[in-house]
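# Descriptive structure summary
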Amino acid sequence: MKAAWFEKFGAASDTIIIGEQPKPIAGDGQVLVKLKTTGVNPSDVKKRIGAFPNLLDNGHVIPHSDGAGIIEAVGQGVSESRIGERVWVYQAQYARLLGTAAEYVAIDASRAATLPSNTSFEIGACLGIPAMTAHRVVSSDGAVDGQTVLVTGGAGRVGYYAIQWAKLAGAKVIATASNPIDEATCIQAGADLVVNHREANWGDKAQEVNDGEKVDRVIDVDFGFNLPEVLKCIRTSGVIATYGNTQIKEPTLPFLQMMFMDLTIRMTIVYAMPELAKQQAIDDIYKALAEGHLQHRVTHVLPFQQMAKSHALIEGNGLRGCVVVDIDA
């Protein structure tokens with residue numbers, strides 16, 4: 001099968017190889033998916049650069065966790081009725097070497113979720129990490145109906161979906177953005193209000209635009225860096241649900257202040273989500289897609305030979321939408 005892989009860490013142009021690899025076979029409990037698209041995420045780029053030094057100890061890596069395609073075969077224990085089913089794939093290159101940057105992937109049947117007929121394979125390749133993470137950070141600590149949710153970096157891949165999940169769940173949403181284009185994106189996604197997180201004391205501004213009321217839940221893209229401002233606008237017994245921490249690698253917490261505010265810190269990574277939470281996300285994603293309730297931003301669809309460029313786009317500053325590679329192109 002056609003595949004892209006890397007055997008060493010480094011720049012995409014120096015490490016990504018395109019060629020032929022053995023076609024996998026569906027094992028017990030697995031499905032074999034003929035992939036149409038593969039999605040590129042920041043975690044894929046970080047792995048290729050060397051974020052996990054022992055990743056290549058057992059051989060080359062076909063990257064990417066997300067993708068979409070059609071089930072071509074099933075292994076023992078999986079109903080043959082799934083053959084021909086349109087699916088989106090998630091968690092393909094987690095705790096294993098062979099991801100979705102190839103014509104085929106053999107994966108546990110639970111990691112191939114039904115893709116509604118009204119949803120393209122390009123969109124399907126964007127659901128695993130962004131949409132599932134967003135679902136978890138919005139829903140992990142109870143209903144948000146009637147609450148005010150603050151989404152930092154609302155124009156980002158996860159933030160964009162988090163705004164939508166919160167609105168679908170009945171919340172009032174305040175988002176942060178750093179420029180007029182991103183502000184418009186947040187409003188388009190459903191945010192009620194937007195504040196500029198590049199401005200000083202934006203936490204105070206978030207409370208000000210919320211009629212002086214503090215927010216109930218914060219969906220945060222950069223925990224350590226944003227924490228001082230978040231603490232200005234979150235209510236006592238509120239929840240900070242974070243999925244990223246980039247600028248301050250090891251943040252120092254004002255423990256006493258946070259303890260006396262009775263705060264909950266929810267740290268989320270899609271791979272470690274409880275299986276029940278994953279299934280709930282899958283169910284809600286299917287329903288929202290089938291009913292046309294989710295917006296998506298696929299900013300680039302590249303041919304397979306430009307796999308290295310797809311990684312370079314993710315590494316570049318300012319890209320907010322999803323990058324997809326067309327397997328057949």
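The text that follows walks through the structure, step by step, so that each part is easy to find. In this text the structure is predicted, and so the values were computed from the model without any measurement. (Residues numbered from 1 in each chain as written. Predicted model: local features only at pLDDT ≥ 70, side-chain atom pairs only at ≥ 80, totals over all residues. Heavy atoms only, no water.)

### Focus: the pairing of strand β3 (residues 30-40)
Using the following cut-off: The buried label goes to any residue with under 20% of its type's maximum accessible area, the exposed label to any with over 50%, and the partly exposed label to all in between, with areas taken from a 1.4 Å probe on protein chains only. Helix and strand definitions follow DSSP, with helices as H or I runs of at least four residues and strands as E runs of at least two, each counted in order from the N terminus. A pair of strands counts as paired when DSSP detects no fewer than two bridges linking them.
Most of β3 is tucked away: ten of the eleven residues are buried. With five bridges connecting them, β3 and strand β6 (residues 104-108) associate as antiparallel partners. Of the residues in β6, the one forming a bridge with V33 is V105. As judged from the eight bridges shared by β3 and strand β4 (residues 66-74), these two strands associate in the antiparallel manner.

### Digging into the side chain of E85
Counted only if it meets this: Only heavy atoms enter the contact rule, under which two residues are in contact if any of them lie within 4.5 Å.
Inspection of the secondary structure puts E85 in the loop between β4 and β5 (86-89). Accessibility expressed as a relative area gives 17% for E85, which makes it buried. Those residues in contact with E85, other than ones at most four positions away along the chain, are G69, I70, I71 and T114.

### Details of the environment of A51
Note that A51 resides in the loop between α2 (42-49) and β4. Here A51 falls in the partly exposed class, since its relative accessible area comes to 45%.

### Side note on the nonpolar core
Inclusion rule: Remark: nonpolar core denotes a set of buried residues (Ala, Val, Leu, Ile, Met, Phe, Trp, Tyr, Cys) joined through side-chain atoms within 4.5 Å.
The biggest cluster of nonpolar side chains holds 49 residues, and the ones touching the most others in it are W88 and L127. If near-sequence neighbours (up to four positions away) are discounted, L127 is found in contact with W88, L115, M132, Y161, I285, L289 and H296.

### Quick look at a nonpolar patch on the surface
Basically, it comes down to this: Residues with no salt bridge and a relative accessible area higher than 30% make up the patches, which join like charges within 9 Å and nonpolar side chains (Val, Leu, Ile, Met, Phe, Trp, Tyr) within 5 Å. Note on areas: Shrake-Rupley, 1.4 Å probe, and residue coverage restricted to the protein chains presented here. Salt bridges are defined by distance alone: a side-chain nitrogen of Lys or Arg within 4 Å of a carboxyl oxygen of Asp or Glu.
On the surface, a cluster of nonpolar side chains totalling about 500 Å² of accessible area is made up of F255, L256, M259 and F260. Counting through the fold element by element, M259 comes out in helix α9 (residues 255-260). M259 sits in the partly exposed class, given a relative accessible area of 43%.

### Some points on the sheet that holds strand β8 (residues 148-151)
Here is the rule: Axis lines are fitted through C-alpha atoms, for helices just across the contact stretch, and the angle between N-to-C directions can take any value from 0 to 180 degrees.
With parallel pairing, the six strands of this open sheet are ordered in space as β10-β9-β8-β11-β12-β13. Either end of the sheet is taken by a strand with one partner, and the two such strands are β10 (193-196) and β13 (264-267). Taken pair by pair, the neighbouring strands of this sheet meet at an average axis angle of 20°, ignoring direction. Sheet contacts for helix α4 (residues 127-139): β11 (215-220), β12 (234-242) and β13; angle to β11, the most-contacted strand, approximately 155°.

### Observations concerning the packing of aromatic side chains
Our working rule: For this analysis, a ring pair means two rings from Phe, Tyr or Trp (six-membered ring only for Trp) whose centres lie within 6.5 Å, classed as stacked if their planes differ by under 30 degrees, edge-to-face if by over 60, and tilted for the remaining angles. For a Lys NZ or an Arg CZ to count as sitting over a ring, it must be within 6 Å of the ring centre and within 35 degrees of the ring normal.
Under the criterion given, the structure shown has four aromatic pairs. Taking 6.5 Å as the distance between ring centres and 50° as the angle between the ring planes, the aromatic pair formed by F6 and F9 counts as tilted. Aromatic side chains W88 and Y90 sit 5.8 Å apart centroid to centroid with 40° between the ring planes, which places their arrangement in the tilted category. Here the two residues W88 and Y90 agree in accessibility, since each one is buried. Here K34 stacks its cationic end above the ring of Y104, 5.8 Å away from the centre of that ring. The ring of F121 has R86 sitting right over it, with the charged end atom 4.5 Å from the ring centre.

### A look at helix α8 (residues 223-233)
Burial runs high along α8: eight of the eleven residues are buried. Residues of α8 that are buried include every one of F223, G224, N226, L227, E229, V230, L231 and C233, and no others. Along its buried surface, α8 packs onto β8, α7 (202-209), β11, β12, α9 and β13.

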